[in-house]
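Listed here are the chains, written in short residue letters.
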Amino acid sequence: TFKYLYICLRTCLRADNRKAQEQRLTGTDHREIVVRCIHSLVKSINHAVAHNPDLVLNFIILDDHSDTPGRNSLECLQKKAKCDTSIITTKARGQGESLLQQFKYARERDGLFYFCEDDYLHEKTAINEMVHFYRHVYDMFDTHLVLHPQEHEFLYIRSLYPSYLLQGENRHWRTISHATHVLFMHSDLVKKYWDYFSNTRYVGDRSRRRKGVESRTTNRLFEHVPGFAPLPALAAHMQTERTLPPFFDWRPLWEENRLE
C-alpha cells in the first residue's frame, strides 16, 4: 500500500531569525538545535529506506533563505540522506509562506507526506513506525488518517478528552484531535480538504495570524479522519519544556545526534 513517501522539512538558518534570539531548551544556540534535529531526521529517513525496499522516499528541504553558513550545514546534512533529496529555496520569506508552499507541493503529487519542522528531534525508528502504523490502519479500515509524532502537555491540562489506545507493533497509539502543523498523512487529504490548508499562509502574520492557527486550519481534519500520536513519543519538539512530550527523556537522543 502506497509507493511514495515525501518528507518535507521546513527550515530557516539565519542569524536574524527570531528563534535564534530566544532562550532555548538545551542551552545551545538555535543553529545547534536545528543541526542536531535534522541529523536525527536524516538518520530516521535512512532507517526507513533500509526497512522499506518497496517504498520510494524523497527528502525535500524547504529552506527559508538561510544564510551561507546555514546553507552549508543543510547541504552537508542533505548528503547523508540515502534517498533522492533536494533543497528548495522558498518563494517568499516567513513561516506562513513555507507552510503554504509545502502544502501546494503535496497537492500536486500522490503519496504519503511527512510535513516536518526543523526543531523536532526524532527517534531513529520514527518514520519507519509511522509508515507501518499508517499502512496497517489503512489496510484494516480503508481510511486515511493523520499522525503527529508526539503528544503535547495541553492534552493533559487544557484539553482533557477521552482517547482510544491502539496496540501497535512497538508502542501504543492514542487518538487525538489536536496537533501542530507537523503531520504524517496522505496527499489525498490535502486535495480533498484544501480549505483547511490554505490559511496556513497567515502563520507568522501579526495582523492575521489567528486565521492560521491549528484550530482553524489543519486540526479541522480530525472532524473527518482519525488522528493518532505515539506512546511513547517518536519525536520531541525542542523548543521549551512545555512543548516536549510528557514523560520523555530527550537527553540521550540529543547526545546521539551530536555532529563533530
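For the structure, check the block above.
## Regarding the overall build of the protein
Link 1 in the chain: Helix and strand counts for the protein come out as eight helices and eleven strands.
Link 2 in the chain: Whereas a compact globule of 260 residues would reach a radius of gyration of roughly 18 Å, the protein reaches 17 Å, a difference of no more than 12%.
Link 3 in the chain: Dimensions along the principal axes, computed over C-alpha positions, put the protein at roughly 45 × 45 × 40 Å.
Link 4 in the chain: Taking all 260 residues of the protein together, the buried fraction comes to 56%.
Link 5 in the chain: For the protein, long-range pairs separated by at least 24 residues make up 79% of all intrachain contacts whose partners lie at least 6 apart in sequence.
Link 6 in the chain: As presented, the protein carries roughly 12,200 Å² of accessible surface, and 47% of it is formed by carbon and sulfur atoms.
Link 7 in the chain: Side chains of the protein give 36 positive and 33 negative charges; the mean places of these two sets differ by 5 Å.

## A closer look at unusual backbone geometry
Residues apart from glycine generally show negative phi values, whereas peptide bonds are mostly found in trans.
Link 1 in the chain: With an omega of -5 degrees, the peptide bond between L231 and P232 qualifies as cis.
Link 2 in the chain: Take P232: it is sitting in the loop between β10 (227-231) and β11 (235-237).
Link 3 in the chain: Positioned with a positive phi, H65 is a non-glycine residue whose angle comes to about 55 degrees.
Link 4 in the chain: Inspection of the secondary structure puts H65 in the loop between β2 (56-63) and α2 (68-78).
Link 5 in the chain: When its relative accessible area of 23% is taken as the criterion, H65 is described as partly exposed.
Link 6 in the chain: You will see that D142, though not glycine, has its phi angle at about 55 degrees, which is positive.
Link 7 in the chain: Its place among the elements puts D142 in the loop between α4 (126-141) and β6 (146-147).

## Side note on the packing of helix α1 (residues 30-51) against α4
Link 1 in the chain: Across the interface, α1 lies against α4 with an axial gap of 6 Å and an inter-helix angle of 50 degrees. Here α1 lies oblique to α4, going by the angle between them. Between α1, through L41, S44, I45, H47, A48 and H51, and α4, the contact on the second element is made entirely by A126, I127, N128 and H132.
Link 2 in the chain: Here the residues of the contact of α1 with α4 sort into five nonpolar, five polar and no charged.

## Some thoughts on the pairing of strand β1 (residues 4-11)
Link 1 in the chain: By the criterion of burial, β1 is predominantly enclosed, with seven of the eight residues buried.
Link 2 in the chain: Examined bridge by bridge, β1 and strand β4 (residues 112-117) share six bridges and lie parallel to one another. Directly across from Y6, in β4, lies its bridge partner F113.

## Observations regarding α2
Side chains that are three or four residues apart share a direction in an α-helix, a result of its 3.6 residues per turn.
Link 1 in the chain: Among the residues of α2, those classed as buried are G70, L74, L77 and Q78. The buried residues of α2 occupy an angular sector of 105 degrees when projected down its axis, which confines them to one face.
Link 2 in the chain: For α2, the side-chain oxygen to backbone nitrogen distance between the N-cap and G70 is 2.8 Å, and the N-cap itself is D67.

## Here's the deal with the environment of S44
Link 1 in the chain: Among the structural elements, S44 can be located in helix α1.
Link 2 in the chain: Given a relative accessible area of 0%, S44 falls into the buried group.
Link 3 in the chain: For the pair S44 and V146, spaced 102 residues apart in the sequence, the C-alpha separation amounts to 19 Å.
Link 4 in the chain: When near neighbours in sequence (up to four residues on either side) are disregarded, S44 contacts E123, K124, T125, A126 and I127.

## Comments concerning a positive patch on the surface
Link 1 in the chain: A grouping of K91, K104, R107 and R201 is seen on the molecular surface, where their side chains present a positively charged patch.
Link 2 in the chain: Here R201 lies in the loop between α7 (195-198) and β10.
Link 3 in the chain: Given a relative accessible area of 37%, R201 falls into the partly exposed group.

## Notes on the packing of aromatic side chains
Link 1 in the chain: Under the counting rule described, the total for this entry stands at 17 aromatic pairs.
Link 2 in the chain: Ring geometry for F103 versus F115: centroids 4.8 Å apart, planes at 75 degrees, classification edge-to-face. Remark: F115 occurs in strand β4 and F103 occurs in helix α3 (residues 95-107); sequence separation between them is twelve residues.
Link 3 in the chain: Residue classification places F103 among the buried residues on the basis of a relative accessible area of 0%.

## Looking at a nonpolar patch on the surface
Link 1 in the chain: Taken together, the side chains of Y156, I157, L160 and F247 make up a nonpolar region of the molecular surface, amounting to roughly 530 Å² of accessible area.
Link 2 in the chain: Mapped onto the elements of the fold, F247 is located in the loop between β11 and α8 (251-256).

## Some remarks on the pattern of salt bridges
Link 1 in the chain: The tally for this structure, following the rule as stated, stands at 13 salt bridges.
Link 2 in the chain: Linking R71 and D63 is a salt bridge whose minimum nitrogen-to-oxygen distance equals 3.2 Å.
Link 3 in the chain: Its relative accessible area of 1% is what places D63 among the buried residues.
Link 4 in the chain: Among the ionic pairs, E255 bridges to R258, the shortest N-O distance being 2.7 Å.
Link 5 in the chain: Since its relative accessible area comes to 42%, E255 is described here as partly exposed.
Link 6 in the chain: By relative accessible area, R258 is classed as partly exposed at 40%.
Link 7 in the chain: Connected via shared salt-bridge partners are D63, R71 and E75.

The rules behind the values
Residues numbered from 1 in each chain as written. Predicted model: local features only at pLDDT ≥ 70, side-chain atom pairs only at ≥ 80, totals over all residues. Heavy atoms only, no water. Helix = DSSP H or I, 4+ residues; strand = E, 2+ residues; numbered from the N terminus. Rg over C-alpha atoms; globule rule 2.2 N^0.38 Å. Buried < 20%, exposed > 50% of the residue type's maximum accessible area, 1.4 Å probe, protein only. Contact = heavy atoms within 4.5 Å. Areas by Shrake-Rupley, 256 points an atom, 1.4 Å probe, with all protein chains shown as cover. Lys, Arg positive; Asp, Glu negative; His and termini not counted. Charge placed at Lys NZ, Arg CZ, Asp CG, Glu CD. Axes fitted to C-alpha atoms, helices over the stretch in contact; angles between N-to-C directions. Parallel < 35°, antiparallel > 145°, perpendicular 65-115°, else oblique. Nonpolar A, V, L, I, M, F, W, Y, C, P; charged D, E, K, R; others polar. Pairing = 2+ DSSP bridges. Arc of directions from axis to C-beta. Polar contact = N/O pair within 3.5 Å; in protein donor to acceptor, adjacent residues only side chain to side chain. Patch = residues over 30% accessible without salt bridge, like charges linked within 9 Å, V, L, I, M, F, W, Y side chains within 5 Å. Salt bridge = Lys/Arg side-chain N within 4 Å of Asp/Glu carboxyl O. Phe/Tyr/Trp six-rings, centres within 6.5 Å; stacked < 30°, edge-to-face > 60°.

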